[in-house]
Amino acid sequence: MPRRPDPSAQQRAIRKFQRERLIGRYIANPIVSGLRRLGVRTSLATTLETRGRKSGAPRAVPVAATFDAEGAWVVSQHGRRSGWALNVTADPEVRILQGGTWRTGTAEFRPEDDTHARTRSFAPSAALAGITTSAFQALASDPISVRITFVDVR
């Protein structure tokens, strides 16, 4: 019986994206969102709100983020093909939940940023940085860093 040809890296990335999108959409994101509605907060996830590129309606998605005085860093695990990244491409004005406060900002893709190093910064402690990075790598198909620069003044 002849062997099937090995799919290209791009085809594998697309299949991985499709699987991970289903897991995120129907399992992971609803769990994180449900916990947030119950008042359970975690340092591992916050909420990013974009504007729907077709509907114009607000779209909220759980993301991992690190914050500094001027903004936040997030990583789109599936690059520019994820739903929220497509929304950012259409309208870069976003809101992100920092603690219990919504912050308004402008999102910008930063392909030159080291996503491996960036995901290490999402770990709640240095001891968990390796685990955090491994989890991101296992789920990512085409990661890209996104910088959110705050436009509101605190």
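Look up: the structure comes first, before these words.
Since this is a predicted model, take the numbers as computed values, not measurements. (Residues numbered from 1 in each chain as written. Predicted model: local features only at pLDDT ≥ 70, side-chain atom pairs only at ≥ 80, totals over all residues. Heavy atoms only, no water.)

1. Details of the overall build of the protein chain
Next up, step 1: Regarding its fold elements, the protein chain presents four helices and seven strands.
Next up, step 2: Counting helices and strands in the order they occur from the N terminus, the protein chain gives α-β-β-β-β-α-β-β-α-α-β.
Next up, step 3: Evaluated residue by residue, the protein chain yields a buried proportion of 36% over its 154 residues.
Next up, step 4: If you take every contact in the protein chain between residues at least 6 apart in sequence, the share linking residues at least 24 apart comes to 68%.
Next up, step 5: As displayed, the protein chain offers around 9,400 Å² of accessible surface, 55% of which is attributable to carbon and sulfur atoms. (Helix = DSSP H or I, 4+ residues; strand = E, 2+ residues; numbered from the N terminus. Buried < 20%, exposed > 50% of the residue type's maximum accessible area, 1.4 Å probe, protein only. Contact = heavy atoms within 4.5 Å. Areas by Shrake-Rupley, 256 points an atom, 1.4 Å probe, with all protein chains shown as cover.)

2. Here we look at the sheet that holds strand 7 (residues 144-150)
Next up, step 1: Here seven strands make up an open sheet; going across it, the order is 2-1-5-6-7-4-3 and the pairing antiparallel. Each edge of the open sheet carries a strand with a single partner, namely strand 2 (58-63) and strand 3 (65-67). Geometrically, the sheet is characterised by an average inter-axis angle of 30° between neighbouring strands, direction not taken into account.
Next up, step 2: Here strand 1 (residues 46-51) pairs with strand 2 via six bridges, running antiparallel. (Pairing = 2+ DSSP bridges. Axes fitted to C-alpha atoms, helices over the stretch in contact; angles between N-to-C directions.)

3. Some thoughts on the nonpolar core
If you look at soluble globular proteins, the nonpolar side chains tend to sit buried side by side.
Next up, step 1: Counting residues in hydrophobic clusters, the biggest one holds 17 residues, and the most contacted among them are Leu48, Val74, Trp84, Ile96 and Ile148.
Next up, step 2: When residues in this core are grouped by element, the largest group, four residues, is from strand 7.
Next up, step 3: Apart from the residues lying within four places of it in its own chain, the contact partners of Ile96 are Thr46, Thr47, Leu48, Ala65, Phe67, Ala72, Val74, Thr101, Trp102, Arg103, Ile148 and Phe150. (Core = buried A, V, L, I, M, F, W, Y, C linked by side-chain atoms within 4.5 Å.)

4. Some remarks on the pairing of strand 5 (residues 93-98)
Next up, step 1: Where strand 1 meets strand 5, two bridges bridge the pair, whose relative direction is antiparallel. Within strand 5, the position partnered with Glu49 by the bridge is Arg95.
Next up, step 2: Summarising the sheet, strand 5 and strand 6 (residues 101-110) pair through six bridges and their orientation is antiparallel. Within strand 6, the residue paired with Glu93 across the bridge is Thr106.
Next up, step 3: Hairpin connection between strand 5 and strand 6: a loop of two residues separates the two successive antiparallel strands, and Gly99 in this loop has a positive phi of roughly 65°.

5. A short note on the pattern of salt bridges
Next up, step 1: Considering all chains together, one arrives at five salt bridges under this definition.
Next up, step 2: Between Asp68 and Arg147 there is a salt bridge whose closest N-O contact spans 2.9 Å. Highlighted residues: Asp68 in the loop between strand 3 and strand 4 (71-76) and Arg147 in strand 7, separated in sequence by 79 residues.
Next up, step 3: Exposure remark for Arg147: the relative accessible area of 8% places this residue in the buried category.
Next up, step 4: A salt bridge links Asp152 to Arg103; its shortest N-O distance comes to 3.1 Å. Of the two residues, Asp152 sits in the segment after strand 7 while Arg103 sits in strand 6, which places them 49 residues apart along the sequence.
Next up, step 5: Given the relative accessible area of 25%, Asp152 is considered partly exposed.
Next up, step 6: Looking at Arg103, the relative accessible area reads 4%, which means it is buried. (Salt bridge = Lys/Arg side-chain N within 4 Å of Asp/Glu carboxyl O.)

The values reported here are purely geometric and, on their own, carry no functional implication.
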